[in-house]
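Descriptive analysis of the structure
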Amino acid sequence: CCCCCCSSFSQPVRMATMRALVCRKLGDPTLPFSSQDSPFIISAQNPRPRISSPLHVRVRVCASSLNFATLLLVMGKYQERPSLPFIPGSDFSGVVVEVGQGVKDFKVGDIVCGVADVGSFAEELVIREDHLFIVPPGCDIVAAGGVLVTFGTSHVGLVHRAHLHAGQVLLVLGAAGGVGLAAVQIGKFLGATVIAVARGKQKEELLISAGADHVIDPTDGNMINNIQAYLRSKQLKGVDVLYDPVGGKLFKDSLKCLNWGAQILIIGFTSGEIPNIAANIALVKNWTVHGLFWGSYFKHQPNVLRNSVKELLSWLAKGAIDVHISHKFSLSEANLAFSALAQRKVQGKVMIVLDENQVSEALEGTKSKL
């Protein structure tokens, strides 16, 4: 594990304990904390771990992203299971408050974002420096806490794996979710024609504003006919890259629209159904199927991941991409955040913000030191 968690947000003398959301058992994360069946407790007395390596950095957390994987993790349905009890939360933003003796790239006061295995739903965490990134000037610190996993997944998938380029057609399923909305923006930035699939008028409006060329609501069952009609109207042969965080029937139907030599990106299975691909069809059509688990790049190809994140942060600073945050919750409202995600009410990102007033104070304190 690359992280652990710790102390209070703004006092000059650090206490030995901190506030944290602690998962004490697996279960339904949407239940009220007052329920005996809730997997969570809000602990004000959680031990603050110490820096145990010269390459560790202590970060005061400003905001942390809630991802679908965290929902599955707490329910015991994810492929990885941390030992109980644990503090959930992965990508985050914050301010460096302490560095190990061997840390070279970060100093106290730096505004950073990072990603941990678990632990970011707490006032502080300790993390390896190679899992941290400097947030460029001009970036919103709360938005920076939601960029790594969703935009990182989409960027590595579309740029490094599928090699999406201008003139190609990108089909994005689950397009109004975190990774889907990121894929739409990155696809447009790269010059592709982007077809987005999402349910409801509100999501359609969001996706058009994010740059989607065409939005399709699959509710009426005519998704394939609608996609094919749009392709014909633009004199396009088919879809070159399929980006799928959904799985299930939508994935199986989408295969009917793919070009010869298409790239298929398997991102996740929010539908709950893991589909199959007929190997003989993939052979005849010369399709390339990519499974993408973004976090594993830290272990296997860390330079690819780090270069990807640095490019994304530069795009964020320039305004080329936007982290759309539809919901913000405090730590004590975390069950409501999980509920919004589980009920598919989230468009883009849902964020856990520890205290926006303290975020402002932290940033002002940082500026005064520069």
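Just above sits the structure.
Residues numbered from 1 in each chain as written. Predicted model: local features only at pLDDT ≥ 70, side-chain atom pairs only at ≥ 80, totals over all residues. Heavy atoms only, no water.

Topic: the sheet that holds strand 12 (residues 239-244)
Spatially, six strands are ordered 11-10-9-12-13-14 in an open sheet, and the strand pairing comes out parallel. For this open sheet the edge positions go to strand 11 (214-216) and strand 14 (288-291), each flanked by a neighbour on one side alone. Pairs of neighbouring strands in the sheet enclose a mean axial angle of 15°, with direction left out of account. Here strand 10 (residues 193-197) pairs with strand 11 via three bridges, running parallel. Paired with V197 across the bridge in strand 11 is I216. (Pairing = 2+ DSSP bridges. Helix = DSSP H or I, 4+ residues; strand = E, 2+ residues; numbered from the N terminus. Axes fitted to C-alpha atoms, helices over the stretch in contact; angles between N-to-C directions.)

Looking at empty space enclosed by the protein
Under the criterion given, the structure shown has one cavity of 30 Å³ or more. In this model, the largest cavity occupies a volume close to 30 Å³. Every residue lining the largest cavity is listed: F151, G178, L181, A182, Q185, D322, V323, H324, G348 and K349. Looking at which element gives the most residues to the lining of the largest cavity, the answer is helix 4 (residues 178-189), with four residues. Of the residues that constitute the lining of the largest cavity, the class distribution is four nonpolar, four polar and two charged. (1 Å grid on protein atoms, 1.4 Å probe; cavity = no way out; pocket = protein on both sides within 12 Å on 5 of 7 lines; lining within 4 Å. Points joined across faces, edges and corners; volume = space filled by probe spheres on them. Nonpolar A, V, L, I, M, F, W, Y, C, P; charged D, E, K, R; others polar.)

Looking at the packing of helix 3 (residues 148-161) against helix 10 (residues 302-318)
For the pair helix 3 and helix 10, the least separation of the axes is 9 Å and the interaxial angle reads 110°. The orientation of helix 3 with respect to helix 10, classified from their angle, is roughly perpendicular. For the pair helix 3 and helix 10, the sense of crossing is right-handed. Residues L148, F151, G152, H155, V156 and H160 of helix 3 form the contact with helix 10, whose participating residues are V304, S308, V309, E311, L312 and W315. For the contact of helix 3 with helix 10, a count of residues per class yields seven nonpolar, four polar and one charged. (Parallel < 35°, antiparallel > 145°, perpendicular 65-115°, else oblique. Left-handed = near helix turned anticlockwise from the far one by under 90°. Contact = heavy atoms within 4.5 Å.)

A look at the nonpolar core
Judged by nonpolar contacts, the single largest core of 50 residues is most densely connected at L158, L170, V184, L207, Y243 and W294. Setting aside anything within four residues of it in sequence, one finds V184 in contact with V172, A175, V194, A196, L207, A210, G211 and A212. Formed by 26 residues, the second largest nonpolar core is a distinct cluster that contains C23, L71, Y78 and L331. (Core = buried A, V, L, I, M, F, W, Y, C linked by side-chain atoms within 4.5 Å. Buried < 20%, exposed > 50% of the residue type's maximum accessible area, 1.4 Å probe, protein only.)

Quick word on the pairing of strand 6 (residues 111-115)
A regular strand places its side chains so that they alternate between the two faces of the sheet. With four of its five residues buried, strand 6 lies for the most part within the structure. As defined by bridge partners, strand 5 (residues 91-99) adjoins strand 6 across five bridges and the pair is classed as antiparallel. Bridge pairing links G94 to V112 in strand 6.

Focus: the pattern of salt bridges
A side chain with one charge may pair with a side chain of the opposite charge, provided their charged atoms come close. Taken as a whole, this structure holds eight salt bridges when the rule is applied. Its salt-bridge partner being D130, residue R128 comes within 2.8 Å of it at the nearest N-O pair. Take D130: its relative accessible area is 32%, and that puts it in the partly exposed class. Put simply, K249 and D253 hold a salt bridge, and the shortest N to O gap is 2.6 Å. Placement of both K249 and D253 in helix 7 (residues 248-254) is noted, with a separation of four residues, approximately one turn of the helix. By relative accessible area, D253 is classed as buried at 14%. Among the charged side chains, a network of salt bridges with common partners joins K249, D253 and K256. (Salt bridge = Lys/Arg side-chain N within 4 Å of Asp/Glu carboxyl O.)

Quick look at the packing of aromatic side chains
One pass over the full model with this rule turns up four aromatic pairs. Residues F33 and F40 carry aromatic rings whose centres are separated by 6.3 Å and whose planes lie at 75° to one another, so their mutual orientation is edge-to-face. Judged by its relative accessible area of 24%, F33 falls in the partly exposed class. Geometrically, the ring pair formed by F189 and W315 is tilted, given 4.2 Å between the ring centres and 45° between the ring planes. Of this pair, F189 sits in helix 4 while W315 sits in helix 10, placing them 126 residues apart in sequence. Taking relative accessible area as the criterion, F189 reaches 41% and is therefore assigned partly exposed. (Phe/Tyr/Trp six-rings, centres within 6.5 Å; stacked < 30°, edge-to-face > 60°.)

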